[in-house]
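Tertiary structure, described
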Amino acid sequence: MRILFLGDIVGHPGKQMVEQWMPKLMKRFQPDITIANAENIAPNGRGITERLAEALFDVEVDILTLGNHTFDQKESLHLIGTDRRIVRPANYPDGAPGQGYTLCKAAGGQVAIISLLGRSFMGDYDDPFRKADQILAEIGDKTKHIFLDIHAEATAEKAALATYLSGRVSAVVGTHTHVQTADERILAGGTAFLTDVGMCGPYESIIGFHKDGVIQKFLMQMPSRFEVPQGEAQLHGVFIETNDHGRAVAIERISITPDRPWESNFGLK
């Protein structure tokens, strides 16, 4: 199974970057399934809308995962509650709209995609470790190819979850911090792990938002308006390949920035 995953898509610049590069990424990696975290794709960087979701599906993104901004756009409640291609964190309280995992048919077989939220520095969500156990029990023998997006702040929490699930899932990839880490590896149990995949969004920014607003918040410790700037953008993702047993056999980070054009590294034109 060949899995392509794109990091948090932030605003219009992130959406444009995905639309621009998806044809080349599809050609280069030939994935069986493509997943993207789209919880920041709204113009203000918070939440998702039906129109923006469809724009991603139109460029061959198969499944969208979300995070702590899942319900920030009121118009998206019906979308999240009904579209099986959208996966919100499974450890929201019972009764929240939407699904915490989905099973998707791909060329290489069936894949389970799970979304979870961390709790450290994040919020009062249900335990992601025990929620993962519950979901894996529900999946049972339906598939051995299982991808998990852990949307969390603390690197230790992400690493702990990956280690806890090692050998039981194909991959655990972190999102939320918008900064790509350089620690991609395959754990002893055959689970691919990357602490954070990074983001698709504005390059001249602080984690996707206008620099001045973020700096002002740190200086004054008062509420500050965060806006998504326009201009040059970056794209971060990861490619993972698994064998017939659902164990990872390869993991490769993807980083495209204005000062490090990806095609120069991979021979793309």
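Residues numbered from 1 in each chain as written. Predicted model: local features only at pLDDT ≥ 70, side-chain atom pairs only at ≥ 80, totals over all residues. Heavy atoms only, no water.

Further remarks concern the UniProt feature "active site" (unreviewed entry) in the protein. With numbering aligned to this structure, UniProt lists the feature "active site" (unreviewed entry) at H69. Here H69 is to be found in the loop between β4 (63-65) and α3 (77-82). Residue H69 is classed as buried on the basis of its relative accessible area, which comes to 13%. If we ignore the near neighbours within four places in the chain, the residues touching H69 are E39, N40, G45, R46 and G47. (UniProt positions renumbered as here; feature names shortened; annotations may be inferred. Helix = DSSP H or I, 4+ residues; strand = E, 2+ residues; numbered from the N terminus. Buried < 20%, exposed > 50% of the residue type's maximum accessible area, 1.4 Å probe, protein only. Contact = heavy atoms within 4.5 Å.)

The UniProt entry lists D8, E39, N40 and H178 under the feature "binding site: Fe cation 1" (unreviewed entry), expressed in the numbering used here. Considering the C-alpha atoms alone, the annotated residues occupy 171 residues of sequence yet fold into one spot, their largest mutual distance being 11.8 Å. Within the secondary structure layout, E39 lies in the loop between β3 (33-37) and α2 (50-58). Not counting chain neighbours up to four residues away, the residues in contact with E39 comprise D8, G45, R46, G47, T65, L66, G67, N68, H69, T70 and H151. At a separation of 3.4 Å, a polar atom in the side chain of E39 contacts the side chain of N40. Given the relative accessible area of 2%, N40 is considered buried. Discounting chain neighbours no more than four positions away, the residues touching N40 are D8, I9, V10, G11, G45, R46, G47, H69 and H178. A distance of 2.8 Å separates a polar side-chain atom of N40 from the backbone oxygen of G45. (Polar contact = N/O pair within 3.5 Å; in protein donor to acceptor, adjacent residues only side chain to side chain.)

This brings us to the packing of aromatic side chains. Inspection of the entire model under this criterion finds six aromatic pairs. Aromatic side chains Y92 and Y125 sit 5.6 Å apart centroid to centroid with 90° between the ring planes, which places their arrangement in the edge-to-face category. On the criterion of sequence distance, the pair formed by Y92 in the loop between β5 (86-87) and β6 (101-106) and Y125 in the loop between β7 (109-117) and α4 (128-139) is long-range, its members being 33 residues apart. Y125 shares its class with Y92; the two are buried. Aromatic side chains F129 and Y164 sit 5.4 Å apart centroid to centroid with 70° between the ring planes, which places their arrangement in the edge-to-face category. With F129 in helix α4 and Y164 in helix α5 (residues 155-165), this residue pair connects regions lying 35 residues apart in the sequence. Relative accessible area serves as the criterion here: at 37%, Y164 is assigned to the partly exposed category. Among the aromatic side chains, those forming a connected cluster through ring pairs are F71, Y92 and Y125. Over the ring of W21 we find K24, and its NZ or CZ is 4.7 Å from the ring centre. Just above the ring of Y164 sits the side chain of R168; from NZ or CZ to the centre is 5.0 Å. (Phe/Tyr/Trp six-rings, centres within 6.5 Å; stacked < 30°, edge-to-face > 60°. Lys NZ or Arg CZ within 6 Å of the ring centre and 35° of its normal.)

Okay, the pattern of salt bridges next. Enumeration over the complete set of coordinates arrives at 14 salt bridges. The shortest N-O distance in the salt bridge between E227 and R225 comes to 2.8 Å. The exposure class of E227 is partly exposed, given its relative accessible area of 39%. Exposure remark for R225: the relative accessible area of 67% places this residue in the exposed category. Salt bridges sharing partners connect three or more residues here, namely E54, D83 and R85. (Salt bridge = Lys/Arg side-chain N within 4 Å of Asp/Glu carboxyl O.)

Applying the stated rule across the entire model yields zero disulfides. Left without a disulfide partner, C104 is nearest to the cysteine sulfur of C200, which lies 19 Å away. (Disulfide = S-S within 2.5 Å.)

With that settled, consider the nonpolar core. Core analysis: the largest hydrophobic core is formed by 31 residues, its most contacted members being L6, V18, M22, L25, L64 and L235. For this core, the secondary-structure elements that each account for two or more residues are β1 (2-6), α1 (11-29), α2, α3, β13 (233-242) and β14 (248-256). The greatest single-element share of this core, amounting to seven residues, is contributed by α1. Apart from residues lying up to four places away in sequence, L6 is in contact with V18, M22, L25, I35, A36, N37, C200, L235, H236 and G237. Ranked by size, the runner-up nonpolar core spans 21 residues in total, among them F5, V111, I113 and F147. (Core = buried A, V, L, I, M, F, W, Y, C linked by side-chain atoms within 4.5 Å.)

What follows is about the pairing of strand β8 (residues 145-151). Across the seven residues of β8, seven count as buried, placing the element largely inside the fold. Every second residue of β8 is oriented toward a common face, with H145, F147, D149 and H151 on one face and I146, L148 and I150 on the other, all of them buried. With seven bridges connecting them, β7 and β8 associate as parallel partners. Bridged to I113 within β8 is F147. Traced from β7 through α4 to β8, the parallel crossover comes out right-handed. Pairing of β8 with strand β9 (residues 171-175) involves five bridges; the strand directions are parallel. (Pairing = 2+ DSSP bridges. Right-handed = clockwise from strand over helix to strand, strands pointing away.)

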